[in-house]
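Residues per chain, in single letters:
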Amino acid sequence: MSRDKVWTDLIAVSALESGDVTPVTLGHRELAVYDTLEGVTVSYARCTHGAANLCDGYFDGRRIECPLHQGLFDARTGQAVAAPARVALRMIEARVQDGMVQVLI
Amino acid sequence: MTEPVLTPITQALNDGVLTRAELKALMRRSDRPALIHLALWLMLLGATGTLVWASLGTLWVWPAMFVHGIVVVHFFSIQHECVHYTVFRTRWLNDLVGYICGLVIILPNRFFRYEHCDHHTYTQLTGEDPEQIPMPKTLGEYLWYISSVPYWRAKFQELGRHAAGRLTEVERGFIPKEEHHTIFLEARLMLAFYASILLACVVFDWWAPLWFWLIPLFLGEPVMRFIRMTEHVGRPAIRDMKENTRSNMVSAPMRFLCWNMNYHAEHHYASSVPYHALPRLHDKLKGYVHVEEEGYLGAHREILRHLFGGGSEGRRA
Ligand code: FES
């Protein structure tokens, strides 16, 4: 039986790369934490096209560009917005609580 | 889910040759440098075009078209940067300019984008890199490649195949099914475009496109083939990016003409870094990537050394 999801501390907001994407590891999971213009969001860090690490890509506050082929994703929704990316990013529900980014996992 | 890959830039970060903050600063985008560069570059194109115009009706028109052609074939450099979205900050401007450049040099932009993605994933891996230029085995093969005949033959076959609605197995590997129709449409539109140009030439007895564009393009292409060979040919056909790609130190006018494409190893390391920041990335990666200090000629000397038996083990495609 699967256990209920719980809010788990991920990283302090003060430790985020301001206005950018920060790589964080949670157990065996590689995650990308985006400091977007509309708040903090979190996704799995690997590009759905060729599995490059998106944390090393160019982030403009809304969209994350893959460092390998420049595919583009909306970092707020995970939606793939430009080729060769086609499959949406897997997002993880996130919130900020007492200066800490938490994920529901 | 695909296995995670270690991209060259992640490798470089892990190796500590540059920090994340430095990488992020280098990746910053701006429209300004490219708009200025493009305006000056088009003025250069206008200047060499004027040479052609001034020499029309004389034998000088041939050397003039060759010089103009050297500039024309460098539309490829702009297009190459555009498919990486590293020219302009505004993403659609890269698409627009990339498509225009592709029209000029007969290289459909969408197709090139997909093909080029695999070139970056499988750089210099024989049988996997769709853009690999094979290491010539004889001087004849070397000269034949530079002549551009095999290049144009392959490009025209490719265009015809796509216009006919067909793809090779390899192409199916890097173009997703949903995009096949776009690739076919793009090839058909390109053929229609060229057919209209030729029709206009005949109907209006207006031959300017030949003198100012198409003949220079074909005359200049060997120079582009010569340059493109310097990126990987003669380097080992292995996965290690420190070895399989060559940067060439060339003069400032050449860097201007080729939009810093000579910093090829740096570009492969971090293909999201805009062209104008590549010299700064070069400073960071000094000693980490393979650099040919003697430029394009030095690279060809290396290729010819391998060709004539100076240790070509593992370098042949
Ligand atoms: S690996 Fe990300 S777009 Fe290809």
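The rules behind the values
Residues numbered from 1 in each chain as written. Chains lettered and ligands numbered in written order. Predicted model: local features only at pLDDT ≥ 70, side-chain atom pairs only at ≥ 80, totals over all residues. Heavy atoms only, no water. Helix = DSSP H or I, 4+ residues; strand = E, 2+ residues; numbered from the N terminus. Rg over C-alpha atoms; globule rule 2.2 N^0.38 Å. Buried < 20%, exposed > 50% of the residue type's maximum accessible area, 1.4 Å probe, protein only. Contact = heavy atoms within 4.5 Å. Areas by Shrake-Rupley, 256 points an atom, 1.4 Å probe, with all protein chains shown as cover. Lys, Arg positive; Asp, Glu negative; His and termini not counted. Charge placed at Lys NZ, Arg CZ, Asp CG, Glu CD. UniProt positions renumbered as here; feature names shortened; annotations may be inferred. Salt bridge = Lys/Arg side-chain N within 4 Å of Asp/Glu carboxyl O.

The subject of this paragraph is the overall build of chain A. Of regular secondary structure, chain A possesses zero helices and 11 strands. Helices and strands appear in chain A in the N-to-C order β-β-β-β-β-β-β-β-β-β-β. What you see for chain A is a C-alpha radius of gyration of 13 Å, in line with the 13 Å of a compact globule of 105 residues. Taken along its principal axes, the extent of the C-alpha atoms in chain A is 35 × 35 × 20 Å. Going through the 105 residues of chain A one by one, you find that 53% of them count as buried. Counting only contacts in chain A whose residues sit at least 6 apart along the sequence, the fraction spanning at least 24 positions is 40%. Carbon and sulfur atoms make up 47% of the accessible area of chain A, which totals about 4800 Å². Each charge sign in chain A was given a centre, from 10 positive and 13 negative side chains, and these centres are 8 Å apart.

The next subject is the UniProt feature "domain: Fatty acid desaturase" (unreviewed entry) in chain B. UniProt's entry tags residues 61–287 of chain B with the feature "domain: Fatty acid desaturase" (unreviewed entry), counted in the numbering of this structure. Across residues 61–287 of chain B, helical content stands at 67% and strand content at 1%; the span's end C-alpha atoms are separated by 45 Å.

Moving on: the pattern of salt bridges. In this structure the tally under the stated criterion is 23 salt bridges over all chains. Of the charged contacts, one joins Glu-38 of chain A and Arg-76 of chain A as a salt bridge, the two residues approaching to 3.0 Å between their closest N and O atoms. Within this pair, whereas Glu-38 of chain A is found in the loop between β3 (29–36) and β4 (39–44), its partner Arg-76 of chain A is found in the loop between β7 (72–74) and β8 (80–82), the two being separated by 38 residues in sequence. The class of Arg-76 of chain A is partly exposed, set by a relative accessible area of 29%. Residue Glu-302 of chain B pairs with Arg-235 of chain B through a salt bridge whose shortest N-O separation is 2.8 Å. Here Glu-302 of chain B is found in helix α17 (residues 295–307), whereas its partner Arg-235 of chain B is found in the loop between α12 (208–232) and α13 (241–244), with 67 residues between them in sequence.

For the rest of this paragraph, the subject is unusual backbone geometry. In this structure, Pro-84 of chain A follows Ala-83 of chain A across a cis peptide bond, with omega equal to 5°. By the element assignment, Pro-84 of chain A lies in the loop between β8 and β9 (91–92). You will see that Ile-106 of chain B, though not glycine, has its phi angle at about 60°, which is positive. Looking at the secondary structure, you find Ile-106 of chain B in the loop between α6 (91–105) and α7 (109–121).

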